[in-house]
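# Residue-level structural notes
The chain contents come next:
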Amino acid sequence: MRAGPPRTLAPVPMMDTDVLIVGAGPTGLMLANQLGRRGIRALIIDRHSGPAQQSRAMGVQARTLEIYSQLGIAGRALELGRRGTAANMWANGRHTARIPIGDIGRNLSPFPCILMLGQDDNEQIMGDKLRDWGLAVQWNTELIAMAQHPERVAVTLRLPDGANQEISAAWVAGCDGARSSVREMCGITFPGAPYEHVFFVADTEATGDMVAEELNVYLWNKGFHLFFPMRGKDRWRVIGILPPELRGRDDLTFDDVIPCLRQEAGIRLSFASCSWYSTYRIHHRSATRFREQRCFLLGDAAHVHSPMGAQGMNTGLQDAYNLAWKLALVIKGQAGVQLLESYEQERVPVARRLLNTTDRAFMLVVADNWLARLFRTWIMARVAAIGMRFNCIRQLAFRTVSQIGIQYRGSDLSQTLPGL
Ligand SMILES: Cc1cc2nc3c(=O)[nH]c(=O)nc-3n(C[C@H](O)[C@H](O)[C@H](O)COP(=O)(O)OP(=O)(O)OC[C@H]3O[C@@H](n4cnc5c(N)ncnc54)[C@H](O)[C@@H]3O)c2cc1C
């Protein structure tokens, strides 16, 4: 078993920053905002030259909207996004069920549905909010080396002009994605494996039999396709897995996948344009630990999994929310460093559970045997539609997917102190 971090750390000398946040994706931006609103000095850097332009993650869950609301940015997100009103299930080219989800979380959250809003918009909203705390992302700045000392972390940054700069940070937050340098520099392993399947994503302008402004799910013999409505007329985010015969080709364009989309979504499906197309191989991995002394891992740096259930970006945002208030109290001297142990204690089990559930769900929708094909194309949509008529099942589904059901009853912080 790993020896836990020391329960008391040496006193903090003069620092360049209290928290160095490496990575300005959604996780890093949320952490910077949560620290900023508590008056903590944070430096947020990213090696890219500016915010990502691709939409990537699309689903914003209720629990994320709740923390957006605390930051005062939920209104902007709701204004820009589209509320998920219903999921239309299609199998073998036929519309098999419509599952209303518009108020599925009524009485459970002030935000009772999933919001469809691209990751780029989420990053923009959180990036703009940083100004309120006097913070801004330092772009073109890369973490290249790091050494941990009992009382600080000595960090080497490569600056936009190519020069190196040494700084001291009391704490380092690795929000630097699946290929995290912080994780590597801490010597933390990232066990897991890639799936054999290759995903494609495309932001398109399309017309066809899809039910307008609602989610359309196509289940077919070899897998699935999803059509998410995006902001603007006839704009759809299309996600699916590449048919086996197209895997392994690195010259693919969106035109190559259109025939298999038409096969399932009907010949009336027509694409006027495609503004972004990408393929990616997904992995399921979780870091063996989320902390090494004064460094923490959050978001994709700590866990990656299949995009089933739109959990990836949301989980990173919740990691940041969980760590921020604890770091703030410790930095202000209002809590001992032991408080920080609860970050791993609370978030590691969430990540492990997520990996298991998304893995099982993913295998169900891609499994390539006759029983799975039968289940996918004949049974799944009907069972889901019938099940979702029952309030208890709707509530369970919402609590699970929206992340509002996550609780930390097993955490040391939830234990009653003797004598109380
Ligand atoms: C094509 C694609 C489609 C996706 N679709 C979905 C989806 O539909 N639903 C879903 O939930 N998830 C989806 N995801 C996953 C989702 O995008 C991630 O879960 C999310 O981006 C994680 O956010 P993050 O901030 O933890 O990491 P990232 O977004 O990866 O951000 C990490 C940042 O760290 C920076 N960085 C890295 N190393 C350094 C360094 N040494 N110094 C300085 N900066 C550094 C990078 O430049 C980057 O900006 C998708 C991902 C991809 C690639």
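Structural data are supplied above this passage.
What counts, and where the lines are drawn
Residues numbered from 1 in each chain as written. Predicted model: local features only at pLDDT ≥ 70, side-chain atom pairs only at ≥ 80, totals over all residues. Heavy atoms only, no water. Near = heavy atom within 4 Å. Polar contact = N/O pair within 3.5 Å; in protein donor to acceptor, adjacent residues only side chain to side chain. Areas by Shrake-Rupley, 256 points an atom, 1.4 Å probe, with all protein chains shown as cover. Helix = DSSP H or I, 4+ residues; strand = E, 2+ residues; numbered from the N terminus. Nonpolar A, V, L, I, M, F, W, Y, C, P; charged D, E, K, R; others polar. Buried < 20%, exposed > 50% of the residue type's maximum accessible area, 1.4 Å probe, protein only. Pairing = 2+ DSSP bridges. Phe/Tyr/Trp six-rings, centres within 6.5 Å; stacked < 30°, edge-to-face > 60°. Lys NZ or Arg CZ within 6 Å of the ring centre and 35° of its normal. Contact = heavy atoms within 4.5 Å. Axes fitted to C-alpha atoms, helices over the stretch in contact; angles between N-to-C directions.

Taken together, 28 residues lie near the ligand, and Thr27, Asp46, Gln119, Ser181 and Asp300 sit nearest. Here an oxygen atom of the ligand and a side-chain polar atom of Gln119 are 2.7 Å apart. Note that a nitrogen atom of the ligand is positioned 3.0 Å from one of the side-chain N or O atoms of Ser181. When isolated, the ligand has an accessible area of 1,000 Å², and the protein chains bury 89% of it. Contributing elements (two or more residues each) for the shell around the ligand: α1 (26-36), β8 (142-148), β15 (270-286) and α7 (312-331). When grouped by side-chain class, the residues that make up the shell around the ligand number eleven nonpolar, eleven polar and six charged.

Attention now goes to the pairing of strand β14 (residues 235-241). With six of seven residues buried, β14 is to be regarded as a mostly interior element. Here strand β11 (residues 192-207) pairs with β14 via seven bridges, running antiparallel. Paired with Phe199 across the two strands is Ile241, which belongs to β14. As judged from the five bridges shared by strand β13 (residues 223-229) and β14, these two strands associate in the antiparallel manner. Paired with Pro229 across the bridge in β14 is Trp236. Taking the residues between adjacent antiparallel strands as the criterion, β13 and β14 are bridged by five residues, where Gly232 takes a positive phi near 105°.

So, about the packing of aromatic side chains. The geometry of an aromatic ring pair comes down to the distance between the two centres and the angle between the two planes. The tally for this structure, following the rule as stated, stands at twelve aromatic pairs. Relative to Phe224, the ring of Phe199 has its centre 6.1 Å away and its plane inclined at 65°; by these criteria the two rings are edge-to-face. Taken together, the positions of Phe199 in strand β11 and Phe224 in strand β13 put the pair 25 residues apart, joining distant regions of the chain. The pair formed by Phe199 and Phe224 is uniform in burial state, with each residue classed as buried. Each ring, one from Phe199 and one from Phe362, has its centre 5.7 Å from the other, and the planes form 25°; the classification is stacked. A residue pair is termed long-range when its members are at least 10 positions apart, and Phe199 in strand β11 and Phe362 in helix α8 (residues 341-366) qualify at 163 residues. Residue class for Phe199 comes out buried when judged on its relative accessible area of 1%. A residue is classified by how much of its surface remains accessible, and Phe362, at 0% relative accessible area, is buried. Aromatic ring contacts, followed pair by pair, group Tyr195, Phe199, Phe224, Tyr280 and Phe362 into a single cluster. In this structure, Arg183 is placed above the aromatic ring of Phe190, and the distance from its NZ or CZ to the ring centre is 3.7 Å. The residue whose ring lies beneath Arg294 is Trp171, and the NZ or CZ to ring-centre distance is 4.6 Å.

Examined against the element boundaries, Asp121 turns out to sit in helix α4 (residues 119-129). What makes Asp121 buried here is its relative accessible area of 18%. Spatially, the C-alpha atoms of Asp121 and Pro51 are 10.0 Å apart, while their sequence positions differ by 70 residues. Polar side-chain contacts of Asp121 include one of 3.0 Å to the side chain of Arg231.

Before going further, it helps to examine the sheet that holds β11. Ordered by their spatial adjacency, eight strands build an open sheet running β6-β5-β12-β13-β14-β11-β15-β18, and the pairing between neighbours is mixed. Each end of this open sheet is capped by a strand with a single partner; those strands are β6 (94-100) and β18 (303-304). Of the strand pairs in this sheet, strand β5 (residues 86-91) and strand β12 (residues 215-220) are connected by five bridges, and their pairing is parallel. Bridging from a neighbouring strand, Ala87 pairs with Leu215 of β12. Relative to the sheet, helix α6 (residues 254-265) contacts β11, β12, β13, β14 and β15, its axis offset from that of β15 by approximately 90°. The strands that helix α9 (residues 370-387) touches are β5, β6, β12 and β13; relative to β6, the one it contacts most, it runs at about 25°.

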